Amino acid sequence: MRILVATHNYPRFAGDPAGAFVARLARGMVRRGDTVRVIAPHTPGTPVLATEDGVAVHRFRYAPERWERVGYRGDLHRTRVLSVKALLGVPAVLAAFRWQLRRAVATFAPDVIHAHWWIPAGLLSTGLGVPVVVTAHGSDVRMLDRSAIARRLARFTLTRAAAVTTVSAFLASDLATAIPAAASRIQPLYLPLDLDHFATGAGAEKAQPPRLLYAGNLVESKGVQDLIEAVGILSARGTPVQLRILGEGPMRPALERLAADRGLAAIVTFHDFRPQHEMPAEYGASTITVLPTRGREEGLGLTLAEALVAGSAVVGTRAGGIPEVVRDGETGLLANAASPSDLAEQIARLLADGDLRARLTMSGRARVHAMFDQEQAVARFQQLLNDVASAHRRG
């Protein structure tokens, strides 16, 4: 089977977390005998054409390199936080993306297009004479809460897709509610995790004082501000703790100021995203990995799944799809979203009780293996894509 993958997010370098799940799926398809080509926007410092683990990757140009700022930072679906350069680049990237998809259909002759995120990739992949499977990841679903125009575009896109998958059951329900006309096409399919890779962190020595870890985009909906406030509460109680924040995004300057204003600069440190090969050790050295998302913005919370496999206990919020990974009191602890005091309480419970941490982490690791086994996840997607392609050939 020949699969054309369309995405605005694909790893820019070895170990890049941006779009890592898209790459894992594409590489898994190649290992199982498919031919896969990826179309994604170019970004400074990346090759235009490359073959990565058997996957042909075309990062198309759409502007002078210094202006190529669309995608890769978790903000494409939140245009209010895009930089001026990125905003100016959006029309150019959309036009170039559609043109490159047309060219790929003509030259590569795919059996099926797998579009990640309904916008832009899903929208731009429709009407090319090839069946389209759209995978929604979360931020694209949340756009539908804010914009009637987005809902109309999503309805246009998803009712023309042969199938639609979401990364969690939570998102499948939300998407079906927002676009009822496409409900019969929508199903949740968990993305694959490289469980063996993350398991290498389980033997890491824990940092002292106990380390809390946040790894992800620095945008308001992620609730990192609540985590910093929670650390302030714990510190005021005399609880030995440190917080390591790994991520990039528009909120970073404000978060750094918040930590300084609360007198936490010595125990709250900020670092850019770490490459994927370093993440098992990051999780493994952390006593607790925290995902303090607000509202309905979190599609699933894969960082918590990765952390559990690497031997870190986890605390999440009752937000989005997080409870699909974190069953409160079984695989981790859940706090109320946007509540630094409750977040501090749940973190304190785990810090104070080593037996509880060990029990929840062990149970969580077993749940993650059942949900995200790489071979089984790839096989499920491969079967869906093959069914769609076969139905299209039959006419």
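Our structure's up above, just so we're on the same page.
Criteria and thresholds
- Residue positions are given per chain, counted from 1 along the sequence in the order it is written.
- The predicted origin of the model limits local features to residues at a pLDDT of at least 70 and limits the giving and counting of side-chain atom pairs to 80 or more, whereas totals for whole chains, interfaces and linings rest on all residues.
- Side-chain numbers come from the whole structure's heavy atoms, not from hydrogens or water.
- Only protein chains enter the area calculation, which uses a 1.4 Å probe; residues under 20% of their type maximum are buried, those over 50% are exposed, and those in between are partly exposed.
- Secondary structure elements follow DSSP: runs of H or I no shorter than four residues count as helices, runs of E no shorter than two count as strands, and numbering proceeds from the N terminus.
- Here, any two strands with at least 2 DSSP bridges between them count as paired.
- By convention, orient the strands away from the viewer: a clockwise path from the first strand over the helix to the second makes the crossover right-handed.
- Whether a set of points on the 1 Å grid over the protein atoms alone is a cavity depends on a 1.4 Å probe fitting there but being unable to get out, while an open set qualifies as a pocket with protein on both sides within 12 Å along at least five of seven lines; lining residues are those with an atom within 4 Å of a point.
- Grid points are joined across faces, edges and corners, and a volume is the space filled by probe spheres set on the points.
- Residues are grouped as follows: Ala, Val, Leu, Ile, Met, Phe, Trp, Tyr, Cys and Pro are nonpolar; Asp, Glu, Lys and Arg are charged; every other residue, Gly included, is polar.
- Every angle, taken between N-to-C directions, lies between 0 and 180 degrees, and every axis is a line fitted to C-alpha atoms, over only the stretch in contact when it is a helix.
- In this description, contact between two residues means that some pair of their heavy atoms is separated by no more than 4.5 Å.

1. Observations concerning the pairing of strand β12 (residues 288-291)
- Of the two faces of β12, both are covered, the one formed by Ile288 and Val290 as well as the one formed by Thr289 and Leu291.
- Examined bridge by bridge, strand β9 (residues 211-215) and β12 share two bridges and lie parallel to one another. By the bridge assignment for β12, Leu213 is matched with Thr289.
- When β12 meets strand β13 (residues 313-317), the two strands line up parallel, connected through four bridges. In the strand pairing of β13, Thr289 is matched with Val314.
- As for the winding sense of the linkage, the β-α-β connection from β12 through helix α11 (residues 302-309) to β13 is right-handed.

2. Observations concerning the layout of surface pockets
- By volume, the largest pocket amounts to about 340 Å³.
- Element by element, the count of residues in the lining of the largest pocket is highest for helix α1 (residues 20-31), at five residues.
- Residues of the lining of the largest pocket, tallied by class, amount to six nonpolar, five polar and eight charged.

3. Examining the sheet that holds strand β5 (residues 112-116)
- Spatially, eight strands are ordered β3-β4-β2-β1-β5-β6-β7-β8 in an open sheet, and the strand pairing comes out mixed. The open sheet has two free edges, formed respectively by β3 (49-52) and β8 (186-188), since each of these has just one partner strand. For this sheet, the mean angle separating the axes of adjacent strands, direction not counted, is 25°.
- Looking at chain direction, strand β1 (residues 2-6) and β5 are connected through four bridges and run parallel. Bridging from a neighbouring strand, Val5 pairs with His114 of β5.
- Where helix α3 (residues 118-125) meets the sheet, its contacts fall on β1, β5 and β6 (132-136), and the angle it forms with β5 comes to roughly 155°.
- Lying over the sheet, helix α6 (residues 169-178) contacts β6, β7 (163-166) and β8, oriented at roughly 165° with respect to β8.

4. Considerations on empty space enclosed by the protein
- By the definition in use, this model includes four cavities of 30 Å³ or more.
- Forming the walls of the second largest cavity are Ile3, Val5, Val22, Leu25, Ala26, Met29, Val36, His114, His116 and Leu385.
- Where the lining of the second largest cavity is concerned, the elements lending two or more residues are β1, α1 and β5.
- With four residues, the single largest contributor to the lining of the second largest cavity is α1.
- Residue composition of the lining of the second largest cavity, grouped by class: eight nonpolar, two polar and no charged.

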